[in-house]
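What follows is each chain in one-letter form.
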Amino acid sequence: MANDEKAAAGEAPKKRKKKLIMIIAAVAVLLGGGAGGYLMFKPSSATAEPEPEPGMVVPLDAITINLADGHFLKLKLSLQATADVAEAPDGSKALDIAIDLYSNREMAELMSNAERERSKTELREKIEAAYTVDKEKEIMDVYFTSFVIQ
């Protein structure tokens, strides 16, 4: 009987050690896999497109746009060109895009700050796309220098 107790007592610590080693190994594999996945799918700085350097700011003439219900929007824009642009960009494309975007909008729509920021973001995206040549951005930002609704 003494041999049975010693055998049972000797097996229990071995089983615990094996379980502990298995748990530690599983945790190490999971952590290693998570870290490897993060490093694999994380966008590297070498492949990411660097942010263009800001260049000249080109003010455009003010325009008046017809809104719905007989209201008007007087809008004046400035375009932030990239440093790579040799000469000032022609603002006619930007003004045309602004007219298309804001024409016949409701005055109440443009009165809220949130909607004005949303529409400015949409305007900036369209202008950046219009002034992109061979994947080189010419315009990096658009500024409202005047935004008056009557």
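Reference entry: report on the structure contained in this document. (Residues numbered from 1 in each chain as written. Predicted model: local features only at pLDDT ≥ 70, side-chain atom pairs only at ≥ 80, totals over all residues. Heavy atoms only, no water.)

Helix and strand content of the protein chain: four helices and six strands. Going from N to C terminus, the protein chain has its helices and strands arranged as α-β-β-β-α-α-α-β-β-β. Going through the 150 residues of the protein chain one by one, you find that 25% of them count as buried. Taken as a whole, the protein chain presents about 10,600 Å² of accessible surface, with 58% of it coming from carbon and sulfur. (Helix = DSSP H or I, 4+ residues; strand = E, 2+ residues; numbered from the N terminus. Buried < 20%, exposed > 50% of the residue type's maximum accessible area, 1.4 Å probe, protein only. Areas by Shrake-Rupley, 256 points an atom, 1.4 Å probe, with all protein chains shown as cover.)

Another point: the nonpolar core. Within the largest apolar cluster, 22 residues are counted, with the highest numbers of intra-cluster contacts made by Leu73, Leu75, Leu77, Leu79, Tyr102, Leu123 and Ile127. Counting only elements with at least two residues in this core, the list comes to strand S2 (63-66), strand S3 (72-82), helix H2 (92-102), helix H4 (113-130) and strand S6 (139-149). It is H2 that provides the largest number of residues to this core, a total of six residues. (Core = buried A, V, L, I, M, F, W, Y, C linked by side-chain atoms within 4.5 Å.)

Our next topic: the environment of leucine 77. Counting through the fold element by element, leucine 77 comes out in strand S3. On the accessibility criterion, leucine 77 (1% relative accessible area) is buried. Separated by 17 residues in sequence, leucine 77 and leucine 60 place their C-alpha atoms 5.5 Å apart. If near-sequence neighbours (up to four positions away) are discounted, leucine 77 is found in contact with Val58, Pro59, Leu60, Ala94, Leu95, Ala98, Leu123, Val142, Tyr143, Phe144 and Thr145. (Contact = heavy atoms within 4.5 Å.)

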